[in-house]
Amino acid sequence: MRIAVISDIHSNTFALKEVLKDIESKNVDSIINLGDSLYGSIDPLGTARILMESNIVSIAGNQDEIIIDDNASLKDNQSLVFVRSKIADEKILTWLKSLPNVYTDFSRIIRK
C-alpha cells in the first residue's frame, strides 16, 4: 500500500494542486493531510474546497484550530481576519470543526 503524507498547505492551492498531480502519478492509495491547511493569505476558500471534495484524510493543525477558536484575538492579526472572511461558509466551518487533532481510525486508510 502506498500512502502520501502532506501538511502545511497554508491555503496555497497552486502548490496543493501540483502536489496532488504528482501524488496521482505515483499510484498512491491514500493521502493523509497533517493540517495547517487553511491558515494563509493565498486561497483559503479554494484550499477548503479541494480538501472537502477529495478523499484525503485530514486532521487539524494548530493553526486550523486558531481559525475556529472563538477566543482567538483578531487584534493585529490580519491573516486571521482574512482567512475567516474567506471561509465564512457554514459548511466549511463545520468541516474544519469536525477535524480531529489526532487520527486513530485507520480503516479509511488501510484497505484489506
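Throughout what follows, the structure given in this document is the object of discussion. (Residues numbered from 1 in each chain as written. Predicted model: local features only at pLDDT ≥ 70, side-chain atom pairs only at ≥ 80, totals over all residues. Heavy atoms only, no water.)

Some words on the environment of Trp95
Put simply, the rule is: Secondary structure counts use DSSP, requiring at least four H or I residues in a row for a helix and at least two E residues in a row for a strand, with both numbered from the N terminus. Exposure is judged per residue with a 1.4 Å probe applied to protein chains only, and the accessible area is read against the type maximum: over 50% gives exposed, under 20% gives buried, and values in between give partly exposed. Whether two residues are in contact is decided by their heavy atoms, any of which lying within 4.5 Å being enough.
The residue Trp95 is located in helix H5 (residues 90-98) in this model. The exposure class assigned to Trp95 is buried, which follows from its relative accessible area of 16%. Here Trp95 is in contact with Leu38, Leu51, Met52 and Ser58, once residues within four sequence places are set aside.

A word on the sheet that holds strand S2 (residues 30-33)
Applied cut-off: Strands are labelled as partners when DSSP assigns at least two bridges between them. Axis geometry follows a simple rule: fit a line to the C-alpha atoms, using only the stretch in contact for helices, then measure angles between N-to-C directions, giving values from 0 to 180 degrees.
Taken in spatial order, the 3 strands make up an open sheet running S1-S2-S3, and their pairing is parallel. Where the open sheet ends on each side, the last strands, each with one partner, are strand S1 (3-6) and strand S3 (57-58). The pairing of S1 with S2 spans 4 bridges and is classified as parallel. Of the residues in S2, the one forming a bridge with Val5 is Ile32. Against the sheet, helix H1 (residues 13-25) engages S1 and S2, with an angle of about 165 degrees to S1.

Some details on the nonpolar core
General note: in soluble globular proteins, nonpolar side chains tend to be found buried as a group. Test applied: What we call a nonpolar core is a set of buried Ala, Val, Leu, Ile, Met, Phe, Trp, Tyr and Cys residues that are connected through their side-chain atoms within 4.5 Å.
Counting residues in each nonpolar core, the largest one holds 24 residues, and the members touching the most others are Leu16, Leu20, Ile31, Leu38, Ile67, Ile87 and Leu96. Of all elements in the fold, only S1, H1, helix H2 (44-53), helix H4 (78-86) and H5 reach the threshold of two or more residues within this core. When residues no more than four places from it in sequence are discounted, the contact partners of Leu96 are Leu38, Asp64, Ile67, Ile68 and Ile87.

Some remarks on the environment of Asn27
Among the structural elements, Asn27 can be located in the loop between H1 and S2. Its relative accessible area of 60% is what places Asn27 among the exposed residues. Spatially, the C-alpha atoms of Asn27 and Met1 are 9.6 Å apart, while their sequence positions differ by 26 residues.

Brief notes about the side chain of Ser37
Heads up, the rule is: Polar contact criterion, stated in full: a pair of N or O atoms within 3.5 Å, where within protein one must be able to donate a hydrogen and the other to accept it, and residues adjacent in sequence count only if both atoms are side-chain atoms.
The residue Ser37 is located in the loop between S2 and H2 in this model. Separated by 2.8 Å, the side chains of Ser37 and Asn33 make a polar contact. Those residues in contact with Ser37 that sit more than four places away from it in its chain are Ile9, His10, Ser11, Thr47, Leu51 and Asp64.

Things to note about the side chain of Asn77
As for its position among the elements, Asn77 is in the loop between helix H3 (62-68) and H4. Within polar-contact distance, the side chain of Asn77 engages the side chain of Tyr39 at 3.0 Å. Reaching out from Asn77, the side chain makes a polar contact with the backbone nitrogen of Leu80 at a distance of 3.0 Å.

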